[in-house]
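So you can see what is in the structure, the chains are spelled out below.
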Amino acid sequence: MSSSSPSLLHFSLFFLLLHQPLSASLTLPKSTLFRPNLISEPTPSTTDTPITTYFEVTKPIEVPHTKPCSYLLLRHDFAYTYSKPPVLANYTPPSDCPSQDFAKIVLEWTATSKGRQFDRIFGVWLGGVELLRSCTAEPRSTGTIWTVQKDITRYYSLLMTNQTLAVYLGNLVDSTYTGVYHVDISDHFHPAAVGLSYDEANLGNSADLILPVSRNLTLNDGLWFEIENSTDVESKKFEIPRNAYRALLEVYVSFHENDESWYTNLLNEYISANNLTGTAGNGAFREVVVRLDGTLVGAVWPFTVIYTGGVNPLLWRPITGIGSFNLPSYDIEITPFLGSIVDGKIHEFTFSVTNALNVWYIDANLHVWLDKTGMETEGQLLSHTSLEPVISLVSNFTGPNGNILISSSRSVSSIGWVKSSLGNITTNVTQTFNFSNFMVMGNHGNLQIVNQIIDFNNSVHALMPTSTHSIESFKRFLLYLYSNSVDQGNDTSNVVTNLTLGFSEERVEAAGFGFLVSSLKNLQNAQGIMLVKGNLVVSGIGSTQQAYQYDGSKFCYFRTVSSSNYSILYDKVGNTCSKNFRPRVVFGLAK
């Protein structure tokens, strides 16, 4: 098995060393490249093989020591559901719970499946507001089960009203793909502890109104917008109450088909020079752009979620990729622009994706805080700066072998004031992005190495007459991908894969004289070998190791776990805090 030249590998490894994740203590051995639309040969069923539990490693949800009121919202079997309407159910808020003052609300998705099936993306909406974006587990013949729990307390005001629940999971069942997903969706309402109100338990962070920025029912698909190419623009009109004093846009993003592994996409010049066909192009840089009435108000440079059938499906059994069972959403503070949209008129959000290929699923939720006195607010945008991203491209390839380096940066900043019964509130918002993707092609184009780093810093500072509120967040998205394919003839190839995937965040939220500090370091390493015939994984082995460390002001959690071919090799869980927990931000001020 051949590999790239020593000089290319040396530069690749040097580049990786320059971009270590936020925590050296979580560094794991290096690790693959993508091969789209792969599916595994079912494991022969035996009577003594139990159903396999798949899981995503994450911290448990902190809930009060009170008995929850639990409700089954939907039970449904998703068989041939592709291009059919979402499944709908009537939702009513809890009325028989002894307490109507809830400190925590948790959405729970549990599903089972047997047979053979691709990974499928799905969404859960309430009143058009997306609550969960997720990917299904790929089943095995002996059966698979997985559960996703998500804290949905931020949707409190929505959950207290009658709504329509909509769930779309586009599945296909035929003689080859036999897996049916049997799904239960539940809500768990945890009452606040005695003597503690909802606002005290949640620091009053939940919005008073949440508006959907998604497609309307009825339709034969998900409620997300579909971005098909780099010039495609999707939009939604909206109107907010005139007594709004804060607004935040929560954006959901997922990428599929030719852009499912956009971070491995080749330059169009490389594709043309090597006369390649059926190869995804437009390079490896993507940016989701959000505009309000034509003005760019923020961007999303997304985390590289790898779905359960991505790269090498054998890696994700039973440990699934970071974010695959609970895709992250991205918050964009809109408050500096409130002065222009609290006029009682119709306004518009638009979404586009730089360099996009088909297809991106995007929608959003607009969280709005209202003046309790009903006073109509007014405001003004004081300053706004948003320059196009600076993109640098350096490439050097001879035939199918060579290397490509793409780097980019962008910042978006806005300052505006809003006058309400709380007084004048001046909000300063800044987003700063940095991106680098170094790609090596070798072995006549059959070997690919990708090193990618995305740094995303976000700050929100609100100055009020008697206090300040600030949020500082520093995120790093890390990806190292190695894949080498050797043709075995007869439409069969042997693929060696190594992968490192990391998500890190340091966050400080300060209000008055109190503050909450947290640090999350989540790192996966995986190795796999698979024999592929067509799009079927005939045989192989996959191993995954993961280190997860969360340190917070009130709660700490760590887990280290390793698996190989459906079996857990070790699993250690604890709640001690990391000794090197040092926030980069204190009381909203960067060091």
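Residues numbered from 1 in each chain as written. Predicted model: local features only at pLDDT ≥ 70, side-chain atom pairs only at ≥ 80, totals over all residues. Heavy atoms only, no water.

1. Some remarks on the overall build of the protein chain
Here is step 1 of the chain: Secondary structure assignment for the protein chain yields 4 helices and 32 strands.
Here is step 2 of the chain: Buried residues in the protein chain amount to 56% of all 591 residues. (Helix = DSSP H or I, 4+ residues; strand = E, 2+ residues; numbered from the N terminus. Buried < 20%, exposed > 50% of the residue type's maximum accessible area, 1.4 Å probe, protein only.)

2. Comments concerning the pattern of salt bridges
Here is step 1 of the chain: This structure, assessed with the given rule, holds 18 salt bridges.
Here is step 2 of the chain: For Asp184, the salt bridge identified is with Arg75, shortest N-O distance 2.8 Å. Here Asp184 is found in strand β10 (residues 181-191), whereas its partner Arg75 is found in strand β3 (residues 69-78), with 109 residues between them in sequence.
Here is step 3 of the chain: Note on Arg75: relative accessible area 60%, which makes it exposed. (Salt bridge = Lys/Arg side-chain N within 4 Å of Asp/Glu carboxyl O.)

3. A look at the pairing of strand β22 (residues 401-420)
Here is step 1 of the chain: Bridge count between strand β20 (residues 378-386) and β22: 8 bridges; the pairing is antiparallel. Across the sheet, Glu378 pairs through a bridge with Lys419, a residue of β22.
Here is step 2 of the chain: Judged from the 9 bridges that link them, strand β21 (residues 390-398) and β22 form a sheet pairing that is antiparallel. From the neighbouring strand, Val394 faces β22, where its bridge partner is Leu405.
Here is step 3 of the chain: The hairpin formed by β21 and β22 contains 2 residues between the paired strands, and Gly399 there has a positive phi angle of roughly 65°.
Here is step 4 of the chain: Where β22 lies against strand β23 (residues 423-442), 19 bridges are found, and the strand directions are antiparallel. Opposite Asn403, over in β23, you have Val440 as the bridge partner. (Pairing = 2+ DSSP bridges.)

4. Side note on the nonpolar core
Here is step 1 of the chain: Among the nonpolar cores identified, the biggest contains 133 residues, and Trp109, Ile240, Leu249, Ile334, Phe349, Trp360 and Leu366 are the most heavily contacted of them.
Here is step 2 of the chain: A per-element tally of this core places strand β14 (residues 244-255) first, with 9 residues.
Here is step 3 of the chain: Ignoring any residue separated from it by four or fewer positions in sequence, one finds Phe349 in contact with Val213, Glu234, Ser235, Lys236, Phe238, Leu249, Val290, Arg291, Leu292, Ile334 and Leu366.
Here is step 4 of the chain: One finds Phe438, Val440, Ile449 and Tyr480 within the second-largest nonpolar core, a separate group that totals 7 residues. (Core = buried A, V, L, I, M, F, W, Y, C linked by side-chain atoms within 4.5 Å. Contact = heavy atoms within 4.5 Å.)

5. Looking at the confidence of the model for the protein chain
Low-confidence regions, as indicated by low pLDDT, have predicted coordinates that should not be scrutinised in detail.
Here is step 1 of the chain: In this model, the protein chain carries a mean pLDDT of 89, and residues with pLDDT of at least 70 account for 88%.
Here is step 2 of the chain: Low pLDDT, under 50, characterises residues 197-203; the stretch is placed with 15 contacts to residues that sit more than four places away or in other chains. (pLDDT = per-residue confidence, 0-100.)

6. Quick look at the state of the cysteines
Among covalent bonds in proteins, the disulfide is the one between the sulfur atoms of two cysteines.
Here is step 1 of the chain: Overall, the coordinates contain 2 disulfides when judged by the stated rule.
Here is step 2 of the chain: Each sulfur of the disulfide joining Cys69 and Cys97 lies 1.9 Å from the other. Here the S-S torsion is close to 75°, and the disulfide linking Cys69 with Cys97 is therefore right-handed. With a gap of 28 residues between them, Cys69 in strand β3 and Cys97 in the loop between β4 (87-91) and β5 (102-113) connect regions that are remote in the sequence.
Here is step 3 of the chain: Here Cys556 pairs with Cys577 through a disulfide, and the sulfurs are 1.8 Å apart. Disulfide Cys556-Cys577: torsion about the S-S bond near 85°, hence right-handed. Of this pair, Cys556 sits in strand β29 (residues 556-564) while Cys577 is found in the loop between β30 (567-574) and β31 (585-586), placing the two residues 21 residues apart along the sequence.
Here is step 4 of the chain: According to the relative accessible area criterion, Cys577 is partly exposed, its value standing at 44%.
Here is step 5 of the chain: Counting its disulfide-bonded cysteines in sequence order, the protein chain shows a connectivity of 1-2, 3-4. (Disulfide = S-S within 2.5 Å.)

7. Structural notes on the sheet that holds strand β6 (residues 121-126)
Here is step 1 of the chain: A sheet is described by the order of its strands in space; here 4 strands give the open sequence β4-β9-β6-β7, paired in antiparallel fashion. Each edge of the open sheet carries a strand with a single partner, namely β4 and β7 (129-135). Averaged over all adjacent pairs, the angle separating strand axes in this sheet is 15°, with direction ignored.
Here is step 2 of the chain: As defined by bridge partners, β6 adjoins β7 across 6 bridges and the pair is classed as antiparallel. Its bridge partner being in β7, Trp125 is matched across the sheet by Glu130. (Axes fitted to C-alpha atoms, helices over the stretch in contact; angles between N-to-C directions.)

8. Observations regarding the side chain of Asp119
Here is step 1 of the chain: In this structure, Asp119 sits in the loop between β5 and β6.
Here is step 2 of the chain: At 2.9 Å, the side chain of Asp119 forms a polar contact with the backbone nitrogen of Gly309.
Here is step 3 of the chain: Ignoring sequence-local partners within four residues, the contact set of Asp119 consists of Cys135, Thr136, Glu138, Tyr307, Thr308, Gly309 and Gly310. (Polar contact = N/O pair within 3.5 Å; in protein donor to acceptor, adjacent residues only side chain to side chain.)

9. Focus on unusual backbone geometry
Here is step 1 of the chain: Cis geometry marks the peptide bond from Arg317 to Pro318, where omega comes out at 10°.
Here is step 2 of the chain: Note that Pro318 resides in the loop between β16 (295-300) and β17 (329-333).
Here is step 3 of the chain: For the peptide bond that leads from Asn358 to Val359, omega is 5°, which places it in the cis range.
Here is step 4 of the chain: Relative to the helices and strands, Val359 is located in the loop between β18 (347-354) and β19 (360-370).
Here is step 5 of the chain: Here Asn565, not a glycine, exhibits a phi torsion of approximately 45°, which is positive.
Here is step 6 of the chain: The residue Asn565 is located in the loop between β29 and β30 in this model.
Here is step 7 of the chain: By relative accessible area, Asn565 is classed as partly exposed at 31%.

10. Observations regarding the environment of Gly402
Here is step 1 of the chain: Looking at where Gly402 falls in the secondary structure, it is placed in strand β22.
Here is step 2 of the chain: Remark: the alpha-carbon pair of Gly402 and Gly442, spanning 40 residues in sequence, is separated by 6.6 Å.

11. Observations regarding the sheet that holds β5
Here is step 1 of the chain: Taken in spatial order, the 5 strands make up an open sheet running β2-β8-β5-β10-β3, and their pairing is mixed. Across the chains shown, the open sheet's two edge strands, defined by having one partner strand only, are β2 (52-54) and β3. With direction set aside, neighbouring strand axes in the sheet form an average angle of 20°.
Here is step 2 of the chain: Across 9 bridges, β3 lies against β10 in antiparallel orientation.

12. Focus: the side chain of Thr350
Here is step 1 of the chain: On the secondary structure map, Thr350 appears in strand β18.
Here is step 2 of the chain: Using a relative accessible area of 16% as the deciding quantity, one classes Thr350 as buried.
Here is step 3 of the chain: Aside from chain neighbours lying at most four places away, what touches Thr350 is Val233, Glu234, Ser235, Val289, Val290 and Arg291.

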